[in-house]
Amino acid sequence: MEVDRRLFLATLGAGALELMTPEDKAEALEHYMEGKLDEMVTARDGTEPMLYMPDGEAIALAELEQENPRPPRGTGTLFRPRASEFAPMSDKPTLVEFFEKRFAPANHVLQSATHAMETSQPERTIMACLMHDVVLNLIKVDHGWWGAQLIEPYVEERISWGIRYHAPLRFYPDDAVGYEYPEMYNRIFGNDYVPEPYIARAAAFAKDHRYYMEARLITLNDTYAFEEGKVVSIDPFVEIIGRHFKQPKEGLGLDNSPSSHMWRTIANPDRPL
Ligand SMILES: [Fe+2]
Ligand SMILES: [Fe+2]
């Protein structure tokens, strides 16, 4: 995916760049790219990407990026202004239902899981790729940690572990498996980019851990998941979800697990309290 440096920096707002930590900048870039990917899907009918306000007014995204300040960068996608109500969830929501009604179009994670599937990687890795960034719909800050916590009660430990540590590890190359430092970061932020110390510590911890490769494979598949115009679907993954995600019989969000409140917030992002 081509990134227009000038347009990307414009989305950060005047003066914001100097106030951002290097980690903030890298996060902002990744989410900008994911947002662009989803916009391209919504604009595939040839119309200009639009943002829909609660009162129904539609504003061209390009116009908005220039004139309006952005909401806090750490805010999840579900909290952006939108024209229509969210589709109501069923009485017993499933993970697939969350993909269809809350995460859609989810182009980036679907591309990542598709790449893992097409290259015959283990089902566990495919499942991890499918879930690795879905929490960005809820919150973007420290998304590896939030994303792991979201699914921890429902998957084997290695899947959530991999999701937690893909976030710090993506800044560190690993020649042995062919993971290069993303060239994109050099072009956008310069060659002197240094992750914050807590990121470095987490990456060092993960590097020596027996589950290291779980996280590393997520970062590898991630680099193949920003392709423009690629059509993907949740359908090929439904059976893998059935085998690797313990769907609670009460429905996700209604099962009183340590993260069910997070699923409820995703289901009902408009609730005031
Ligand atoms: Fe990520
Ligand atoms: Fe990602």
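The rules behind the values
- Residues numbered from 1 in each chain as written.
- Chains lettered and ligands numbered in written order.
- Predicted model: local features only at pLDDT ≥ 70, side-chain atom pairs only at ≥ 80, totals over all residues.
- Heavy atoms only, no water.
- Donors = N, O, S within 2.8 Å, 3.2 Å for Na, K, Ca; no water.
- Helix = DSSP H or I, 4+ residues; strand = E, 2+ residues; numbered from the N terminus.
- Buried < 20%, exposed > 50% of the residue type's maximum accessible area, 1.4 Å probe, protein only.
- Tetrahedral: all angles 85-135°; square planar, octahedral: opposite > 155°, others 65-115°.
- Contact = heavy atoms within 4.5 Å.
- 1 Å grid on protein atoms, 1.4 Å probe; cavity = no way out; pocket = protein on both sides within 12 Å on 5 of 7 lines; lining within 4 Å.
- Points joined across faces, edges and corners; volume = space filled by probe spheres on them.
- Nonpolar A, V, L, I, M, F, W, Y, C, P; charged D, E, K, R; others polar.
- Phe/Tyr/Trp six-rings, centres within 6.5 Å; stacked < 30°, edge-to-face > 60°.
- Lys NZ or Arg CZ within 6 Å of the ring centre and 35° of its normal.

Chemist: Would you take a moment to explain the coordination of the iron ion (ligand 1) for this structure?
Modeler: Tetrahedral metal sites with four donors have an ideal angle of 109.5 degrees; octahedral sites with six donors have ideal angles of 90 or 180 degrees. Those donors, Asp133 (OD), His143 (NE2) and His166 (NE2), are the protein atoms that reach the iron ion (ligand 1), and they lie 2.2 Å from it. Taken in chain order, the donor set of the iron ion (ligand 1) reads D-x9-H-x22-H. Separation of the iron ion (ligand 1) from the iron ion (ligand 2) amounts to 3.5 Å, with Asp133 serving as a shared donor to the pair. Of this pair, Asp133 sits in the loop between helix 7 (123-131) and helix 8 (143-151) while His143 is found in helix 8, placing the two residues 10 residues apart along the sequence. With respect to burial, Asp133 and His143 carry one shared label: buried.

Chemist: It is not clear to me how the coordination of the iron ion (ligand 2) should be interpreted in this structure. Could you clarify?
Modeler: Coordination of the iron ion (ligand 2) by the protein comes from His108 (NE2), His132 (NE2), Asp133 (OD) and Asp222 (OD), over a distance range of 2.0 to 2.2 Å. Of note is the iron ion (ligand 2), whose 4 donor atoms meet at the metal with angles of 78 to 167 degrees in an arrangement that counts as irregular. Along the chain, the residues donating to the iron ion (ligand 2) fall in the pattern H-x23-H-D-x88-D.

Chemist: Which parts of the structure should I look at to understand the environment of Glu196?
Modeler: Looking at the secondary structure, you find Glu196 in the loop between helix 10 (183-189) and helix 11 (197-207). Look at Glu196 and you get partly exposed, because its relative accessible area is 26%. The sequence separation of Glu196 and Thr21 amounts to 175 residues, and the corresponding C-alpha distance is 7.8 Å. Beyond its immediate stretch of four places on either side in the chain, Glu196 contacts Thr21 and Glu23.

Chemist: For this particular structure, what's the right way to read the layout of surface pockets?
Modeler: Looking at the second largest pocket, its volume works out to about 390 Å³. In terms of lining, the second largest pocket is formed by 18 residues, of which the most central are Pro182, Glu183, Met184, Thr223 and Phe226. Counting residues per element, the ones that place at least two in the lining of the second largest pocket are helix 3 (22-42), helix 10 and helix 12 (212-222). Residue contributions to the lining of the second largest pocket peak at 3 residues, all from helix 10. Here the lining of the second largest pocket is built from residues that sort into 10 nonpolar, 2 polar and 6 charged.

Chemist: Whenever I open this one, the packing of aromatic side chains confuses me. Can you help?
Modeler: Centre-to-centre distance and the angle between the planes together describe a pair of aromatic rings. For the structure shown, the criterion picks out 15 aromatic pairs. The cationic tip of Arg210 hangs over the ring face of Tyr211; the distance from NZ or CZ to the ring centre is 4.6 Å.

Chemist: Got a minute to help me understand unusual backbone geometry in this structure?
Modeler: With the exception of glycine, most residues fall at negative phi, and the peptide bonds are largely trans. Here the amide bond leading from Ala104 into Pro105 is cis, since omega sits at 0 degrees, within 30 degrees of zero. Structurally, Pro105 is set in the loop between helix 5 (95-103) and helix 6 (107-118). In the Ramachandran plot, Ala106 falls in the positive-phi region, its phi being about 50 degrees despite a non-glycine side chain. Here Ala106 lies in the loop between helix 5 and helix 6. Given the relative accessible area of 10%, Ala106 is considered buried.

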